[in-house]
Amino acid sequence: MAEMPQQRSGELEQQLRSRSNLTSGQFLIWLGQQIAPEKPVYNMIQTFAIQGALDHRAFSEAFAHLVRDSDTLRTVIRTIDGVPVQLVQPAVDFDLPLIDFTVAEEPKLAYESWLAERKIRSLELDTRLFDTVLIRLGRERYVWYLCMHHLITDGYAFSLTFRLMSERYELALLNRLD
């Protein structure tokens, strides 16, 4: 009796999984992303409203330290000989941009339009699994936009990332980041 295509597909998946260092959950997410690589279905986006004075230099420095100290934020997924492999880069070349919507006639509408476009961007799995921007909406009104691929995050990890970023920002304000 001939092998069913479904059996061969299952065997191929097992072979890939056995050669990959992704967890079972990550492997399934990676597989789903391969079906529609241009669709951001696994992007997890959070926006954090920040009220009060904010020092962009300190915020950027804090985020750079967070990336430096976080294997997760330096992780990429490369496909090597058809097999997905998780790699932690030694460093990530990234400068946290600041977009100032206070120059727009309607800052909130300009931000909402920007957000609608930004959230449909796909992340390049082999380059960087996050996207982040600091947005200024008013004299003391900011939003921190953070998008991470589900391959490296979940809801709990977002709250942890926010807490660690807050701690580093406080240290950066005091010029006490190492």
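Our structure is the block above this text.
Bear in mind the structure is a predicted one, so any value in this text is a computation, not a measurement.

(A) Region of interest: the sheet that holds strand β4 (residues 98–100). Taken in spatial order, the four strands of this open sheet run β1-β6-β5-β4, and their pairing is mixed. With partners counted over all chains shown, the strands left at the sheet margins are β1 (43–51) and β4, one partner each. Across this sheet, the average inter-strand angle for adjacent strands is 20°, counted without regard to direction. For β1 and strand β6 (residues 141–149), the ladder comprises nine bridges, and the chain directions are antiparallel. Each bridged residue has a counterpart across the sheet, and for Q51 the counterpart in β6 is R141. Helix α5 (residues 155–173) rests against β1 and β6 of the sheet, and its axis sits at about 135° to β6.

(B) View of the environment of G52. Mapped onto the secondary structure, G52 falls in the loop between β1 and α3 (56–69). Judged by relative accessible area, G52 falls into the buried class, the value being 18%. Residues G52 and A172 lie 120 residues apart in sequence; the distance between their C-alpha atoms is 16 Å. Ignoring sequence-local partners within four residues, the contact set of G52 consists of E140 and Y142.

(C) Highlighting the packing of aromatic side chains. Counted by the stated rule, this structure contains 14 aromatic pairs. A ring pair is formed by F63 and F130, whose centres lie 5.6 Å apart and whose planes are at 70°; its orientation type is edge-to-face. Taken together, the residues F63 in helix α3 and F130 in strand β5 (residues 130–138) connect sequence positions 67 residues apart. Ring pairing ties together the aromatic residues F48, F59, F63, F94, F130, W144, F162 and Y169, which thus form one cluster.

(D) Up close: the side chain of D131. Within the secondary structure layout, D131 lies in strand β5. There is a polar contact of 2.7 Å between the side chain of D131 and the side chain of R118. Leaving out residues up to four positions away in the same chain, D131 has contacts with R118, L123, Y145, L146 and C147.

Rules of the game
Residues numbered from 1 in each chain as written. Predicted model: local features only at pLDDT ≥ 70, side-chain atom pairs only at ≥ 80, totals over all residues. Heavy atoms only, no water. Pairing = 2+ DSSP bridges. Helix = DSSP H or I, 4+ residues; strand = E, 2+ residues; numbered from the N terminus. Axes fitted to C-alpha atoms, helices over the stretch in contact; angles between N-to-C directions. Contact = heavy atoms within 4.5 Å. Buried < 20%, exposed > 50% of the residue type's maximum accessible area, 1.4 Å probe, protein only. Phe/Tyr/Trp six-rings, centres within 6.5 Å; stacked < 30°, edge-to-face > 60°. Polar contact = N/O pair within 3.5 Å; in protein donor to acceptor, adjacent residues only side chain to side chain.

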